[in-house]
Amino acid sequence: MKADPKPTDISQGGSREPLTDVLARLRIELEDIASRIDRGQALIAESTWAHGAGDAGYVSAMQDADLNAQRVAGVAGFLRALEQEAEPQWRVDTSAALAGVTLAEMALKLGGNAEEKPAENAGDVDFF
């Protein structure tokens, strides 16, 4: 990462933005994912524990879900620390990275445009 001596003002149409903003968006998204894993695992366990508790594979899957939530939360904490250490003048262009994000809503959030509505059928899958 190199410091940008003359930061580009992205509000004026530039493509570079503060690295701290990007790290914050990543952290927030990971915190949300960890929370969703936790809630989902708790609901699944509540509904199925009586039938699955004796199955070692089931118990292992429940433990894996819990561990995954903890790991994602840990990465979010790591990003929070990086966000606090990054220099405010450090800038980054996220356009190439965003091009690889296939879920429309996530791409909007990570790109800093969470208020925009994602396009229909833009990589999202709804089962219900």
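Residues numbered from 1 in each chain as written. Predicted model: local features only at pLDDT ≥ 70, side-chain atom pairs only at ≥ 80, totals over all residues. Heavy atoms only, no water.

**Points about the side chain of E29**
Stated precisely, the cut-off is as follows: Counting from the N terminus, the helices are DSSP H or I runs at least four residues long and the strands are E runs at least two residues long. Exposure categories follow from relative accessible area, calculated using a 1.4 Å probe and restricted to protein chains: below 20% of the type maximum is buried, above 50% is exposed, and the middle band is partly exposed. Note on contacts: a residue pair is in contact if any heavy atoms of the two residues lie within 4.5 Å.
Following the sequence through the fold, E29 ends up in helix α1 (residues 19-52). On the basis of relative accessibility, which here comes to 10%, the residue E29 falls in the buried class. Those residues in contact with E29 that lie beyond four places of it in its chain are M106, K109 and L110.

**As for the confidence of the model for the chain**
This is how it is decided: What pLDDT conveys is the predictor's confidence in a given residue, as a value from 0 to 100.
Considering every residue of the chain, the mean pLDDT works out to 85; 77% of them sit at 70 or more. Overall, residues 8-14 carries pLDDT values under 50, and its contacts beyond four positions in sequence, including any with other chains, amount to eight contacts.

**A few points about the pattern of salt bridges**
Put simply, the rule is: Whenever a carboxyl oxygen of Asp or Glu lies within 4 Å of a side-chain nitrogen of Lys or Arg, that contact is scored as a salt bridge.
One pass over the structure, following the stated rule, counts seven salt bridges. Notably, a salt bridge pairs E17 with R25, separated by 2.9 Å at the nearest N-O pair. The pair E17 / R25 is uniform in exposure class, with both members buried. Measuring nitrogen to oxygen at the nearest pair gives 3.8 Å for the salt bridge that ties K109 to E29. Remark: E29 occurs in helix α1 and K109 occurs in helix α4 (residues 104-110); sequence separation between them is 80 residues. In this structure K109 comes out as partly exposed when scored by relative accessible area, which is 27%. Connected via shared salt-bridge partners are R27, E31, R80 and E83.

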